[in-house]
Structure formats: C-alpha cells, structure tokens
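Residues per chain are reported as follows:
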Amino acid sequence: MLSASRRHGRLPIVTVPEKDELMSSWLQRAAATYGTNARAMLEQLGTIATDPKTVDWAAQPGDIQLLAVALGTEKSDLVQRSFAGIPRAGLMFVSMGTAAKTCAACEAEFARRSLGKIVLHRWKIAVALYCGRCGGTLTRAQPTRSWFLDSVELSGDLVATREDIFNIVGMTMYNHAEAPVVERIFRAIATPIYWPKSRSGRSEIGSLKNGAPIMWRMWNKNYSGPGKAAARPSCRRNFAAWPEAVQAIAAAAVKQLASEPAALWFDLKRLGLIQTGDTTIARRLFRD
C-alpha cells in the first residue's frame, strides 16, 4: 500500500511499461502493485489531474514532471504515451472513452502473460491503421451500428481512400496550425446544410441547397435520406465514435471536397463551417 500522505520522488517499485502503452494504462498497473487504483495514486502524488479517464489528455507540464519522477522515466516518454500538448482540434480523432482500435495479436499476448487489461497509445487514435507495439493491422474495438448504413459494404476504392486520408489526418492532428483546419473540414462535410433566412423570409441559398450533409451527397448522388438523423452520429461527437462506414465515407468526401470548385468552398465559409485560409490548407493536404 502507498502511504496516505503525498509521496515525492521515485516509487520503490515500478511496473515495466509495454512498448507504446498509454500513460493511464501504465499508471493503473503501477498502482495495482500497491493494491490501489490510478486515481488514488494520482491524488497521493499531488497531480492536478486525478481522473485516470482524462489524465492522458489533460495532464499539465507539472503533472508530467511529477509522474516522470515517480515512475523513473523521462518527461518525453510520458508525453509520447499521452496526448498532452496535442491541439484541442486534434482530440476529435482520439477516443475519450474506451480504445477506438485494438490489436488481436497484442491482446492475445497480454492475456497469455496474465497482464490484465492493457491499452496502447495507438489504440486510442481513430485514424491509426497499425499497432504501435507490433506493427500489426488494427481493427475497430467496438463496432457501432447505424440503421441507415447497416447493409453498406465498403468498396476497395473507398477503403484505399480511407487509408490515404487517415494517414494524413494522423500526421496533422498534432500540428497546431493544420489540426483546426482538418477538424473544421470533417465537421463541415458532416453538418446538414441550412441557410439562414433573410428578413423577407427567404433562405439565402448559394450553390449548396438546404438538406443532407455534403458527405452523403458526394457518396450517393441520389441520396435523399434524413439530413439531421444521418449527421447525428457524426458531427456532434468525436470522429472516434462515428460508425466505421461513416468514417470511410467522410474520408472520401474530404478528398473529393479538396478538388471541388471555389464556389462550394465559398458557400461553406458563408455558412460559417470553415474559415478564411482553410481552402488553401485543405487542398494542399488532401488533393492529389
């Protein structure tokens, strides 16, 4: 057991972390060594963030320093095991709850070694394609279902496009200049189009007509489904929570949007969905 008073300095016994293990996962296992939990350990160490569910992305530099000393590692090591310092916009692509992805091979190995539930850093990133520990292909941890996409089968082209866009997003989500643009673009293509009405009662419609989000229009030119219902699992929640088919369709829409005429981008700006300069950055990132 840890002492009831706050501890300073390195812990006497520290569990060895797995390669790419998430900071909170390591903390939980380290705390278990002393018969306690991560929250109690964080409180005793005196960190500002004491909720293990948020410490991975809310830990301040001072917290990182305290944890690095306690665990006998470098601050840079913990930063790589967490999302500390990542742009807030980049967190759109990080699962705030359970892991977004898993690696069957690593999970099987952890089970054989009786290591309990370990979560790797890369598993929390919705756009990650390969495991950060073994390099194996990641799969969705908990498949979600959406009534209007239950029967959709992803074509080879759609899967290839998803991988291309995911790779780009995976790099830009850490960039403070590009991450906000990428977040706005993904939310823009997933938001239903509703032009505000003027004083005369008429909608100020541009080249985009009112209706479903443009991602559905690009996916299926004949799509006439419910705009709000279709977008609900998309634009109101982090990308990590979107159904797998929605993620793939959104990625394809972002790539297509990058090659669309300026009029469409102008409409998105008039609607307040993007900002000045977003078009240039998005085209540089996503256009072939």
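On a predicted model such as this, the values are computed, not experimentally measured, just so you know. (Residues numbered from 1 in each chain as written. Predicted model: local features only at pLDDT ≥ 70, side-chain atom pairs only at ≥ 80, totals over all residues. Heavy atoms only, no water.)

The next point concerns the packing of aromatic side chains. Inspection of the entire model under this criterion finds seven aromatic pairs. A ring pair is formed by Phe110 and Trp123, whose centres lie 6.5 Å apart and whose planes are at 45 degrees; its orientation type is tilted. Residue Phe110 is found in helix H6 (residues 104–112), and its partner Trp123 is found in the loop between H6 and strand E2 (139–140); the two are separated by 13 residues along the sequence. Accessibility expressed as a relative area gives 2% for Phe110, which makes it buried. For the pair Trp216 and Trp219, a centre-to-centre distance of 5.9 Å together with 70 degrees between the ring planes defines the contact as edge-to-face. Taken together, the residues span about one helical turn, with Trp216 and Trp219 both in helix H9 (residues 214–219) at a distance of three residues. On the basis of relative accessible area, Trp216 is assigned to the buried category, the value being 0%. (Phe/Tyr/Trp six-rings, centres within 6.5 Å; stacked < 30°, edge-to-face > 60°. Helix = DSSP H or I, 4+ residues; strand = E, 2+ residues; numbered from the N terminus. Buried < 20%, exposed > 50% of the residue type's maximum accessible area, 1.4 Å probe, protein only.)

With respect to the secondary-structure elements, Glu107 resides in helix H6. For Glu107, a relative accessible area of 37% corresponds to the partly exposed category. Measuring from C-alpha to C-alpha, the distance between Glu107 and Ile118 comes to 7.9 Å, with 11 residues separating the pair along the chain. If we ignore the near neighbours within four places in the chain, the residues touching Glu107 are Thr102 and Trp123. (Contact = heavy atoms within 4.5 Å.)

As a rule of thumb, soluble globular proteins bury nonpolar side chains together. Phe186, Phe239 and Phe286 are the most contacted members of the largest nonpolar core, which totals 64 residues. No other element matches helix H11 (residues 244–257), which puts eight residues into this core. The residues touching Phe286, leaving out its near neighbours within four places in the chain, are Ile165, Ile168, Val169, Val182, Val254, Lys255 and Ala258. Formed by 22 residues, the second largest nonpolar core is a distinct cluster that contains Ala31, Leu45, Ala68 and Ala70. (Core = buried A, V, L, I, M, F, W, Y, C linked by side-chain atoms within 4.5 Å.)

By the definition in use, this model includes 13 salt bridges. The salt bridge involving Glu18 is made with Arg113; its shortest N-O contact spans 2.7 Å. Note that Glu18 is positioned in the segment before helix H1 (23–32) and Arg113 in the loop between H6 and E2, a separation of 95 residues in sequence. Asp278 is paired through a salt bridge with Arg184; the nearest N and O atoms lie 2.8 Å apart. Of the two residues, Asp278 sits in helix H13 (residues 278–286) while Arg184 sits in helix H8 (residues 179–189), which places them 94 residues apart along the sequence. (Salt bridge = Lys/Arg side-chain N within 4 Å of Asp/Glu carboxyl O.)

We now examine unusual backbone geometry. Within the chain, Asp20 stands out as a residue other than glycine whose phi angle is a positive 70 degrees. Relative to the assigned elements, Asp20 resides in the segment before H1. One non-glycine residue with positive phi stands out, namely Ser114, at about 55 degrees. Looking at the element boundaries, Ser114 is found in the loop between H6 and E2. Of the residues examined, Ser114 reaches a relative accessible area of 65% and is grouped as exposed.

Bringing the layout of surface pockets into the picture now. Approximately 570 Å³ is the volume attributed to the largest pocket. Lining the largest pocket are 25 residues, with Gly97, Thr98, Lys117, Val119 and Lys124 positioned closest to its centre. Only H1 and helix H3 (55–58) provide two or more residues apiece to the lining of the largest pocket. Sort the elements by how many residues they give to the lining of the largest pocket and H1 lands first, with four residues. Residues belonging to the lining of the largest pocket are distributed by class as follows: 11 nonpolar, eight polar and six charged. (1 Å grid on protein atoms, 1.4 Å probe; cavity = no way out; pocket = protein on both sides within 12 Å on 5 of 7 lines; lining within 4 Å. Points joined across faces, edges and corners; volume = space filled by probe spheres on them. Nonpolar A, V, L, I, M, F, W, Y, C, P; charged D, E, K, R; others polar.)

What follows is about the confidence of the model for the chain. As a general rule, the predicted coordinates of low-pLDDT regions are not to be interpreted in detail. Here the chain averages 87 in pLDDT, and 86% of its residues register 70 or above. Averaged pLDDT values over the elements of the chain bottom out at 50 in helix H10 (residues 227–235) and peak at 97 in H13. (pLDDT = per-residue confidence, 0-100.)

Next up on the list: the side chain of Thr161. Inspection of the secondary structure assignment puts Thr161 in helix H7 (residues 156–172). Relative accessible area serves as the criterion here: at 15%, Thr161 is assigned to the buried category. Filtering out sequence-adjacent residues up to four positions away, Thr161 remains in contact with Ala251, Ala252 and Lys255.

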